[in-house]
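Understanding the architecture of this molecule
Each chain, letter by letter, is given below.
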Amino acid sequence: MNTFLFTSLWLSIDLIYSHLFFDSFFPKRSHSFQRLLLFPLFVIVGTILLIFSPSTITPVVTILLFSLANRFLHTTSKVHLIFFSIIVYSIGCTIDNLVFTSFLAFSGWHYTTLQSSFPSYIFLSIFSHGLPLLFCFALNRLRKRKHIETSNWNWYFIPVALSFVCIIMEFYLNSCFRYEQIESVPLSVCAAFITMVNIASLLLVSWVERTSHLREESLFLHAQIKAQSEGIEALSLSNTTQRKLTHDFRAHLEMLDSLLENQSFQEAADYITRLRAEQTERILLVNTHNSAMDAILNQKALIAKKHDIDVQFAVNDLSPLLIDAVDLTVIISNLMDNAIEACEKLPIHERQIHVKALLEDAFFFSIRNRSEPVQVCDNMVITTKPNTLLHGYGLQNVRSTLNKYDSYFGIDYQNGWFLAYAEIQNTPLS
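Read on for an overview of the structure.

So, how was this worked out
Residues numbered from 1 in each chain as written. Predicted model: local features only at pLDDT ≥ 70, side-chain atom pairs only at ≥ 80, totals over all residues. Heavy atoms only, no water. Helix = DSSP H or I, 4+ residues; strand = E, 2+ residues; numbered from the N terminus. Buried < 20%, exposed > 50% of the residue type's maximum accessible area, 1.4 Å probe, protein only. Contact = heavy atoms within 4.5 Å. Polar contact = N/O pair within 3.5 Å; in protein donor to acceptor, adjacent residues only side chain to side chain. Axes fitted to C-alpha atoms, helices over the stretch in contact; angles between N-to-C directions. Parallel < 35°, antiparallel > 145°, perpendicular 65-115°, else oblique. Left-handed = near helix turned anticlockwise from the far one by under 90°. Core = buried A, V, L, I, M, F, W, Y, C linked by side-chain atoms within 4.5 Å. Patch = residues over 30% accessible without salt bridge, like charges linked within 9 Å, V, L, I, M, F, W, Y side chains within 5 Å. Areas by Shrake-Rupley, 256 points an atom, 1.4 Å probe, with all protein chains shown as cover. Salt bridge = Lys/Arg side-chain N within 4 Å of Asp/Glu carboxyl O. Pairing = 2+ DSSP bridges. Nonpolar A, V, L, I, M, F, W, Y, C, P; charged D, E, K, R; others polar.

1. Describing the overall build of the protein chain
- Of the regular secondary structure elements, the protein chain holds 13 helices and 7 strands.
- Here the protein chain holds 430 residues, and the buried ones make up 43% of them.
- Sequence separation of at least 24 residues holds for 76% of the intrachain contacts in the protein chain that already meet a minimum separation of 6.

2. Some thoughts on the side chain of Asn298
- Relative to the assigned elements, Asn298 resides in helix 11 (residues 291-306).
- Separated by 2.9 Å, the side chain of Asn298 and the backbone oxygen of Val286 make a polar contact.

3. Remarks on unusual backbone geometry
- Of note in this structure, Gln263 is not a glycine but carries a positive phi near 60°.
- Relative to the helices and strands, Gln263 is located in the loop between helix 9 (184-261) and helix 10 (265-278).
- Residue classification places Gln263 among the exposed positions, given a relative accessible area of 60%.
- A positive phi is found at Asp308, a non-glycine position, where the angle reads about 60°.
- Following the sequence through the fold, Asp308 ends up in the loop between helix 11 and strand 1 (310-315).

4. Looking at the packing of helix 4 (residues 58-73) against helix 5 (residues 78-107)
- The contact between helix 4 and helix 5 brings their axes to 9 Å, and the two run at 125°. Relative to helix 5, the element helix 4 is oriented oblique. Pair helix 4 / helix 5 crosses with right-handed handedness. Where helix 4 abuts helix 5, its residues Pro59, Thr62, Ile63, Phe66, Ser67, Asn70 and Arg71 lie against Leu81, Ile82, Ser85, Ile86, Val88 and Tyr89.

5. Some words on the nonpolar core
- Ranked by size, the top nonpolar core spans 48 residues in total, and within it Phe21, Phe25, Phe84 and Leu202 carry the most contacts.
- Those elements that place two or more of their residues in this core are helix 1 (2-23), helix 3 (39-52), helix 4, helix 5, helix 7 (118-145), helix 8 (157-178) and helix 9.
- Among the elements that take part in this core, helix 5 stands out by supplying 12 residues, more than any other.
- Once residues lying within four places of it in the same chain are set aside, the contact partners of Leu202 are Phe21, Phe25, Ile87, Ile91, Phe135, Leu139, Tyr156 and Pro159.
- Among the nonpolar cores identified, the runner-up in size contains 37 residues, and Val311, Leu318, Ile411 and Tyr413 belong to it.

6. A short note on a nonpolar patch on the surface
- A grouping of Phe4, Leu5, Ile44, Ile48, Ile51 and Phe52 is seen on the molecular surface, where their side chains present a nonpolar patch of about 560 Å² in accessible area.
- Of all the elements in the fold, those that place two or more residues in the nonpolar patch are helix 1 and helix 3.
- Ranked by residues supplied to the nonpolar patch, first place goes to helix 3 with 4 residues.
- Locating Leu5 in the fold gives a position in helix 1.
- With a relative accessible area of 44%, Leu5 lands in the partly exposed category.

7. Section: the pattern of salt bridges
- For the structure on display, the rule yields 3 salt bridges.
- With a closest N to O distance of 2.9 Å, Lys300 and Asp337 form a salt bridge. One end of the pair, Lys300, is in helix 11; the other, Asp337, is in helix 12 (residues 325-344), and 37 residues separate them in sequence.
- Here Asp327 and Lys404 are joined by a salt bridge, their closest N and O atoms 2.9 Å apart. Taken together, the residues span a long stretch of sequence, with Asp327 in helix 12 and Lys404 in the loop between helix 13 (389-403) and strand 6 (408-414) at a distance of 77 residues.
- By relative accessible area, Asp327 is classed as buried at 6%.

8. Some remarks on the pairing of strand 1
- Relative to strand 2 (residues 352-359), strand 1 runs parallel, the two being bridged by 6 bridges. By the bridge assignment, Val311 is partnered in strand 2 with Ile353.

9. Quick notes on the packing of helix 3 against helix 4
- At a minimum axis distance of 10 Å, the contact between helix 3 and helix 4 shows a crossing angle of 170°. Relative to helix 4, the element helix 3 lies roughly antiparallel. The interaxial crossing formed by helix 3 with helix 4 has right-handed handedness. From helix 3, Phe42, Gly46, Leu49 and Leu50 reach across to helix 4, where they touch Thr58, Val61, Thr62, Leu65, Leu68, Ala69 and Phe72.
- Residues belonging to the contact of helix 3 with helix 4 are distributed by class as follows: 8 nonpolar, 3 polar and no charged.

Structure (structure tokens):
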């Protein structure tokens, strides 16, 4: 009974710090609080597995438990689940070994003596499981406070490889210690070195990632400036066209007035027909009867046309739309920018964007565009490409804006088409 209780206690602490560790790098799934109700089940099942499994496969069982538990709580790929479970298990394993070997080195006790001293053994066990918990908590607070986001997962292959090596070395040295092939003092020195290498590799990669994060922020700002420049250019082109038509409007009115005064009705009708045929360049590519929506959609459509992208609209009367114009700009501009950017990477004949903006009981908005293959997992885009931060900010802004309206937002990818859609209640913010 004592074995079951203590094993479940240690496993509970391990699962908690593994959750803190994953929370430092990956976003939580929706309804993650309800999923925490499965925690007792994981503890019970995991405890049974650890008790009845051979000690040689304990690392594998623990790593799988970390992976499964955090699979329910965080959005990430299966590969990252395994890799980061290896890292967090290695951190716990190396710290645990460091605590026990250091105590044996300073006390001069043999390991069997320590096991027979129940209070000392329990105190060291609590301490050895508490230190990884403190480390993961500090790492979590550090990354959250500095708003560090993982933008290049390739960096983490280094600590994964080192963690795997550290686990093997720890088990080899412990085996040598059990067979009295190594003394406790050199064993504690080796344990300290392995622990420092393991933790230092993770912190070093995190620091490098922070530097890369700042660089990508700079790239993102340049991309924003470019988008704004294109927007200004599109508005300037629209204004030039408007001025040109306004300049010609008086002349057309005078011609029509002259024809009607002379009762040349057929000639006036023919003149109007010719004007319509010659009017190949329209000021508004789409008209929703909502000034904010018209400005956003037409501006982005002009930018898309400049990049040889075929844009098609399906809209209805949006004049009763009550959603804040600033929020509409954030939502639609970011989604349109993402769609345009995705189309630019394709051959010209494949560049297509379909936009829907329909107002019934609620406001439904969707953008469907041709795109290179992307992986969508739990309503998030999962990618291992570099500079993913540049794509992340737009969707983050969209999600945070939509959250104010308690609306639904979804993304999907099928057969070469990427779809982003949202349904918003047509109510102003109180």
